[in-house]
Amino acid sequence: MSISSVWRELELPATGEWVDFEHESGLVLRRPTFRDGQVRKVRFAAPLAGRWRWAEGEFDVQPAAADEANPFYAHGFWRMSPGGRSLVHADGTPAVLVADTAWALPWRATPEQVREYALDRQSKGFNAVLLMTVQPDMRAFGPRDRTQDEGFGVGFEDLPDGHLNQLNDEYFQYLDELLTILVEHGIAPVLQPVFQGFGWKGLDVAGTVVPEQEYAAYCRYLVARYGARPAIYLVGGDGSGTEPQTAAGGTEVHEVDCYEQPTGIHYRPHIRANAHQDADWLDFQWCQTGHTGEHVPERVADMWRNHPVKAVANGEPTYEHTGRTGVAEGWWQGHEAWSNLCAGGTMGVVYGAGSLWQWRLHADEPGHSEYFLAPGAGWREAVGFEGSTYVGMLGKILDGLPTTDMAPDWTRTISGRALSTTDGGLIVYRENGGPVMVFDETVPLAYTIVDPRDGSVVATGKRDTPGSPLPDAGGAPRVYICL
């Protein structure tokens, strides 16, 4: 009996801690199970079409439809590239992370709100969103009602005491629906277990005090419950990376995730971002550059030079309008994204907005730190901030290009921001446009010049000689593509 197509999640009853699924080719994938109320379940997504067997029987899986629009179903989940610098889908299709920051969505948002949010982000070009999976502040109080001021859902009843033993099944059943909406819109959840940094309101986060074995068990639960769909695991969040919970969680994810989805760390601003650099479980390192509205791409460049090689990105630039109107506003976000990408953040780019990351219900909701709020905005107003359009546009411009394991290039052009593809192509970003001198005869002569603010092609052509410049009149941001 055919019950699914490739990469689509199946939910089946289970009895033990593990379930093995064997394809007719001999491939075996082992998935951890989880308890949902009084019932034990397993979730599985088949990466190959054909006949699959498990302890309770067998089933047939169909190929993806020819017109499948969701890239995670058409090409498979993300994994790291052969060189470890970027993302690819399971079938090798190049991918660039374009992530939003809606940390508090899991415990604040309703399905109706998430549909509205996901439609906006999908249309703009986003394909991921950073999420704290549970409200992490041990001293946060409010009604258990997502529609009331300061209300929130509770993932663990004992989290205020620094533990993760009393899991609330209803919370995660609700989260199932929210994450399903995101995935169906082509947006991969970036799952942070329990934050180690500022948290929601800065009220003593549990991520630094829960016993590491409880943290690891929760990471296993996240892989079991949500790992048969697109995911990234952010086992360290806004900390030093050296917290014992981070390594315990990363090790557990690495051991139980048969799909090898990316696992990594997101750091606070004033930390050297190289913890566990040589760990087998670590796929990526994300710095952040604080919330003062400064461009600091050299932090990304510094991570790029670390060895062994890991993918890097700026996981948290300044939130748009954070603290006061005008901070990191508009094109600031686009310039930040392209600058970080060209500095070596080739895993992708991340955007954030004040009032959105907290999922502030409305412009007058009390109880939040003024430093991180966008004045006069709730989450819905923040979704419409101008800068998100420019960050999303980066993903649209790069879609379909050979971005796998591209690298910063300071040698083939006089421009300070450029990337080389593995097959010799060149991608250049200039904040104010203008002609680009080329100093390498291997750079392809054909070019396309794009306005990164709206994605419009402003020029195409072919240079006369390898020494001829890429022509542009200047005066506006430009991306030059030579492939």
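Everything numeric in this text was worked out from a predicted model, so none of it was measured. (Residues numbered from 1 in each chain as written. Predicted model: local features only at pLDDT ≥ 70, side-chain atom pairs only at ≥ 80, totals over all residues. Heavy atoms only, no water.)

## Considerations on the pattern of salt bridges
Then comes step 1: With the rule as written, the count across this model stands at 29 salt bridges.
Then comes step 2: Taking the shortest distance from any N to any O, the salt bridge between Arg 43 and Asp 176 comes out at 3.1 Å. One end of the pair, Arg 43, is in strand 6 (residues 39–45); the other, Asp 176, is in helix 4 (residues 169–184), with 133 residues separating them in the sequence. Each member of the pair Arg 43 and Asp 176 is classed as buried.
Then comes step 3: Notably, a salt bridge pairs Arg 380 with Glu 116, separated by 2.8 Å at the nearest N-O pair. Of this pair, Arg 380 sits in helix 9 (residues 379–383) while Glu 116 sits in helix 3 (residues 111–124), and the two are 264 residues apart along the sequence.
Then comes step 4: The exposure class assigned to Arg 380 is partly exposed, which follows from its relative accessible area of 41%.
Then comes step 5: By relative accessible area, which is 36% here, Glu 116 ends up partly exposed.
Then comes step 6: Salt bridges sharing common partners tie together Glu 11, Asp 36, Lys 41, Arg 43, Asp 176 and Arg 225. (Salt bridge = Lys/Arg side-chain N within 4 Å of Asp/Glu carboxyl O. Helix = DSSP H or I, 4+ residues; strand = E, 2+ residues; numbered from the N terminus. Buried < 20%, exposed > 50% of the residue type's maximum accessible area, 1.4 Å probe, protein only.)

## Some thoughts on the UniProt feature "domain: Apiosidase-like catalytic" (unreviewed entry) in the protein chain
Then comes step 1: The residues that UniProt annotates with the feature "domain: Apiosidase-like catalytic" (unreviewed entry) are residues 82–403.
Then comes step 2: Annotated as 30% helix and 15% strand, the span residues 82–403 places its first and last C-alpha atoms 12 Å apart. (UniProt positions renumbered as here; feature names shortened; annotations may be inferred.)

## Topic: the layout of surface pockets
Rolling a probe over the atoms, with the probe sized like a water molecule, indicates the empty space that remains.
Then comes step 1: Considering only enclosed or pocket space, the largest pocket measures out at about 610 Å³ in volume.
Then comes step 2: For the largest pocket, the lining is made up of 26 residues, of which Pro 71, His 89, Gly 125, Asn 127 and Asp 399 are closest to its centre.
Then comes step 3: Those elements that place two or more of their residues in the lining of the largest pocket are helix 1 (71–74), strand 11 (94–95) and helix 10 (387–398).
Then comes step 4: Ranked by the residues each element gives to the lining of the largest pocket, the list is headed by helix 10, at 3 residues.
Then comes step 5: Here the residues of the lining of the largest pocket sort into 11 nonpolar, 12 polar and 3 charged.
Then comes step 6: Its boundaries defined by the atoms lining it, the second largest pocket holds a volume of some 300 Å³.
Then comes step 7: If you go around the second largest pocket, you meet 16 residues; those closest to its centre are Phe 34, Arg 35, Leu 167, Ala 217 and Tyr 221.
Then comes step 8: Contributing elements (two or more residues each) for the lining of the second largest pocket: strand 5 (34–36) and helix 5 (212–226). (1 Å grid on protein atoms, 1.4 Å probe; cavity = no way out; pocket = protein on both sides within 12 Å on 5 of 7 lines; lining within 4 Å. Points joined across faces, edges and corners; volume = space filled by probe spheres on them. Nonpolar A, V, L, I, M, F, W, Y, C, P; charged D, E, K, R; others polar.)

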